[in-house]
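For reference, the chains in residue letters:
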Amino acid sequence: MQSVVRLILKRLGISLVVLVGVSMLIFAIARVIPGDPARIALGPNATVEQVEALRQRLHLDEPLVIQYGHFLADLARGDLGISLYTNRPVTADIAQFLPATLELIFLSAVLMIVIGLPLGVLSARYRDTWIDSTVRVVSILGVSAPSFVWAVILMLLFSYFIPIFPIAGRISTNFVIPDVTGFLLLDTLLAGNLAAFGSALSHIVLPAFALALSGIGQAARLTRSNMVETYDKPYIEMARSYGFPERRIAWRYAFRPSLIPSLTIIGLDVAAMLGNAFLVEAVFAWPGLSRYGVAVILRKDLNAIVGTVLIISAMFLIANLIVDLLIAFINPRIRLSQRAA
Amino acid sequence: MTRTLAILARNPLSAFGIVLVALVVLGAAFADVIAPFPEHRGAVVDFLNFNKAPEWPYIFGTDLVGRDLFSRILYAYRISLLLAVVVLAVAVPIGVVTGLIAGHFGGWTEAILMRITDIFLSIPPLVLAMSMMGLLEPTLVNGMLAVTAMWWPWYTRLVYNLTRVEKEEGYVLAAEVIGASRVHIIFREILPNCIPAILTKMTLDVGFVILIASSLSFLGLGVQPPTPDLGSMVAEGAKYLPDSWWLTVFPGLAILVVVFGFNLLGDALREILGVDQ
């Protein structure tokens, strides 16, 4: 157990170092752009005095290192500055839009696991049959289109031609749900409003699928290739000669060793989803971080851009930390290493 | 050669991938000859034929100002492929050299280089490119720059992992014993053994660079009109769903076809060159 704790602390330390690095990188990118950031943010109609005031507020006249120092000091107090686009604290803006994005990503990750892994197992178990080929084609197709293309195709098929899912938004406007967690699927249940829960669920299905498709493909391919290797191992042959049913061999003996690499790839896919959510949200008018993110990027709103990128990267590092933790608990070589020593 | 053909014969999907890639590359290269309306690549207006559903001679239909979608897709392929080639031509050498150095030297060099790589890899790829594109002006060259900035670390990590395995091999030790220089060992002994894996990844990445670039322009952060671009064509057409479905479906499928093709080709190459996943 001690080794697990030490591993977690070590990973936590590395994540923190990386996050500081991310803040430097994005800060540098935001500050070395050509032109005066204050002038760009305020537009050509602003007066010289207004621009000078903003330069003062953003500390733009001081050296880059000092500017970064100001930024870090503010960050330590949980302050990411004021958005020039909404005129509100960046943290308040992000807090408002983040839950919708996280809800979408969480559901997509669930879909990726409950569909992608079994598809991979199926493919490996029926290796070199038509099932295997079908899964292979489907999973390569999944990774071959950007999620906005899947979003448009799913919307066309299941909102217009066969109108079973709504076109846009998170929930029908006739439901008023008290905002507790910001996650509508939870809030509707907390309010005990099943009709509203159904509405929220039907709104999230298509966006979540569009976002999950490439991850499903990757998880299936990786699980298959790992399991195919495992199937050649002698202990599988032994299990067969004992007369264990194929289903049990597949899940209990061949699948388990490939769970760890599959989890690793799922961690990476969550990172891709954090970016791709921008595309899916744009298609389904999903009121998440995307519209805000694109708006602040187009407005060159420096504080908001730095804040948004930093938060998204933090989400990614947390997701990977969770994956590392799961792996540490699953992998007996890590979990038991202390006892064996 | 016979082995290559045998692998392809056993695997019709790989052969299909080669056909798809060949069609896209030839279509882009000879767009001037193949496109029924080559002038529609630019800011042409033909209000007599605007927003037409697919019908001869507009096999993919026309857009809102009457331009032939098929012609525009061919020219969009040309720009996408050019962008992918330039991005990889810059990103791969940077990634390969940093990966070789980090893997071979170890110690502080390795720690610093790999942490920098980690930093780049922990900003979701699309988000990094989006921020850069937003802060710079959205032009083709800046698009290439933004995608390159997010792409090289993947090659650093790949080559780093390969180098760490290779440098323990007997042939590297032998070269060290006879007093070969570090430069010789890195570039003449280790690098050639990494080439198959790099080539395979590059083939797959042609598709993925096109995918990311189209995502940027879908969000309005890429190549600007009237230059034909698959991503912005989908974004423009999505406003007119479901009635003018061809405006989104054909550019969308065009992205799918090229990425699917390079994926199958990459898989085939992996098998032919014997690269582990």
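Residues numbered from 1 in each chain as written. Chains lettered and ligands numbered in written order. Predicted model: local features only at pLDDT ≥ 70, side-chain atom pairs only at ≥ 80, totals over all residues.

A. Up close: the overall build of chain B. Within chain B, the regular secondary structure consists of eleven helices and zero strands. Seen in sequence order, chain B has helices and strands lined up from the N terminus as α-α-α-α-α-α-α-α-α-α-α. Based on the C-alpha atoms only, the size of chain B along its principal axes is roughly 75 × 50 × 30 Å. The burial tally for chain B puts 49% of its 277 residues in the buried class. Once local pairs closer than 6 in sequence are excluded, the contacts in chain B between residues at least 24 apart make up 69%. (Helix = DSSP H or I, 4+ residues; strand = E, 2+ residues; numbered from the N terminus. Buried ≥ 20, exposed ≤ 12 C-beta atoms within 10 Å, placed from the backbone. Contact = placed C-beta atoms within 7 Å.)

B. Structural context of the overall build of chain A. A tally of helices and strands in chain A yields 16 helices and zero strands. Once the C-alpha set of chain A is aligned to its principal axes, its extents read approximately 85 × 60 × 40 Å. Counting only residues that meet the buried cut, chain A has 39% of its 341 residues in that class. Long-range pairs, those at least 24 residues apart, make up 73% of the contacts in chain A with a sequence separation of at least 6.

C. Seen up close, the interface of chain B and chain A. At the junction of the two partners, chain B supplies 37 residues and chain A supplies 43 residues. Listed by contribution, the elements that provide at least two residues to the side of chain B that touches chain A are helix H5 (107–121), helix H6 (125–135), helix H9 (182–218), helix H10 (230–238) and helix H11 (246–273) of chain B.

D. Focus on unusual backbone geometry. The linkage connecting Trp-56 of chain B with the following residue, Pro-57 of chain B, adopts the cis geometry, with an omega of 5°. You will see that Asp-128 of chain A, though not glycine, has its phi angle at about 65°, which is positive. Relative to the helices and strands, Asp-128 of chain A is located in the loop between helix H5 (90–125) and helix H6 (130–144). Its 9 C-beta neighbours within 10 Å are what place Asp-128 of chain A among the exposed residues.

E. The arrangement of the confidence of the model for chain A in detail. In the predicted model, chain A carries a mean pLDDT of 85, and 97% of its residues have values of at least 70. When the elements of chain A are averaged for pLDDT, helix H16 (residues 337–340) of chain A gives the smallest value, 50, and H5 of chain A the largest, 92. (pLDDT = per-residue confidence, 0-100.)

F. How the structure looks around the nonpolar core. Counting residues in hydrophobic clusters, the biggest one holds 166 residues, and the most contacted among them are Ala-151 of chain A together with Ala-129 and Val-209 of chain B. A total of 17 residues in this core trace back to one element, the largest contributor, which is helix H4 (residues 69–105) of chain B. Setting aside anything within four residues of it in sequence, one finds Ala-151 of chain A in contact with Pro-207, Ala-210, Leu-279, Val-280, Val-283 and Phe-284 of chain A. (Core = buried A, V, L, I, M, F, W, Y, C linked by C-beta atoms within 7 Å.)

G. Focus on the packing of H6 of chain B against helix H7 (residues 140–166) of chain B. Residue and element names in this part refer to chain B. It is at 9 Å that the axes of H6 and H7 come closest, and there the two elements cross at 145°. Every pair of crossing elements has a handedness; the one defined by H6 and H7 is right-handed. From H6, Pro-125, Leu-128, Ala-129, Met-132 and Met-133 reach across to H7, where they touch Asn-142, Gly-143, Ala-146, Val-147, Ala-149 and Met-150. Grouping the constituent residues of the contact of H6 with H7 by class yields nine nonpolar, two polar and no charged. (Axes fitted to C-alpha atoms, helices over the stretch in contact; angles between N-to-C directions. Left-handed = near helix turned anticlockwise from the far one by under 90°. Nonpolar A, V, L, I, M, F, W, Y, C, P; charged D, E, K, R; others polar.)

H. Representation of the packing of H5 of chain B against H7 of chain B. Residues and elements named next belong to chain B. Two elements in contact, H5 and H7, have axes separated by 9 Å at closest approach and are oriented at 135°. When the interaxial angle is binned, H5 and H7 end up oblique. Once H5 is placed against H7, the crossing between them reads as left-handed. When H5 is examined against H7, the residues Met-114, Thr-117, Phe-120 and Leu-121 are found in contact with a partner set consisting of Met-150, Pro-153, Thr-156, Arg-157 and Tyr-160. Taken together, the residues that form the contact of H5 with H7 break down as six nonpolar, two polar and one charged. (Parallel < 35°, antiparallel > 145°, perpendicular 65-115°, else oblique.)

I. Looking closely at helix H9 (residues 194–231) of chain A. The terminal C-alpha atoms of H9 of chain A, which comprises 38 residues, lie only 45 Å apart, well short of the 56 Å expected from a rise of 1.5 Å per residue. Maximal helix bending in H9 of chain A amounts to about 40°, located at Ala-212 of chain A. (Expected span 1.5 Å × (residues − 1). Bend = angle between axes of the 7 residues up to and from the residue.)

J. Broad picture of the confidence of the model for chain B. Residue and element names in this part refer to chain B. Scored by pLDDT, chain B has a mean of 88; 99% of the residues are at 70 or more. Looking across chain B, the model is least confident in helix H1 (residues 2–10), with a mean pLDDT of 78, and most confident in H4, with 93. In the predicted assembly, ipTM is 0.89 and pTM is 0.89.

K. Representation of the environment of Asp-324 of chain A in the model. With respect to the helices, strands and loops of the structure, Asp-324 of chain A is situated in helix H14 (residues 302–330). C-alpha separation for the pair Asp-324 of chain A and Phe-209 of chain A, spaced 115 residues apart in sequence, amounts to 25 Å.

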